[in-house]
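# A closer look at the structure
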Amino acid sequence: MVVTLSKDPLDNSHPGYQPPIDEFLVSENYGKFDPEIRVDDRSAEENASLAQKMFDEKGEPAVVFLGAGEAVTKVVDAAEIVKRRVKGLHQISAIHKEG
């Protein structure tokens, strides 16, 4: 699962517009998004704190969470925590199933 949180609006033309997200779902692109948080054995709270630090201290305009398997729920939880802490964020979520 990929969740992108951005301070800039992600919808260009009309309500409900979703920009193409196929590039997030290609495995060769993992590791190419900056800043990117790969959600693994850290708690959702720890991942959210990392993202908040990127927004607040580093001034990043967007953060990408990546997670698979059991980490999917942590991706969603971390994104929700960050959205409560950092007001005005926009979100794009994508789920990809291989095979």
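Residues numbered from 1 in each chain as written. Predicted model: local features only at pLDDT ≥ 70, side-chain atom pairs only at ≥ 80, totals over all residues. Heavy atoms only, no water.

Below, the discussion takes up the side chain of serine 6. By the secondary structure assignment, serine 6 is in strand 1 (residues 2-6). Assessed through its relative accessible area of 6%, serine 6 is described here as buried. Ignoring sequence-local partners within four residues, the contact set of serine 6 consists of Pro61, Ala62, Gly88, Leu89 and His90. (Helix = DSSP H or I, 4+ residues; strand = E, 2+ residues; numbered from the N terminus. Buried < 20%, exposed > 50% of the residue type's maximum accessible area, 1.4 Å probe, protein only. Contact = heavy atoms within 4.5 Å.)

The mixed open sheet is built from four strands, whose spatial order is 2-3-1-4. Strand pairing shows two members of the sheet lacking a second neighbour, strand 2 (36-38) and strand 4 (90-94), which therefore form its edges. The sheet shows a mean angle of 15° between the axes of neighbouring strands, direction not considered. Sheet analysis places strand 2 next to strand 3 (residues 62-66), joined by three bridges and oriented parallel. What sits directly across from isoleucine 37, in strand 3, is phenylalanine 65. Sheet contacts for helix 2 (residues 44-56): strand 1, strand 2 and strand 3; angle to strand 3, the most-contacted strand, approximately 160°. (Pairing = 2+ DSSP bridges. Axes fitted to C-alpha atoms, helices over the stretch in contact; angles between N-to-C directions.)

Everything listed is a geometric property; what it means functionally is a separate question.
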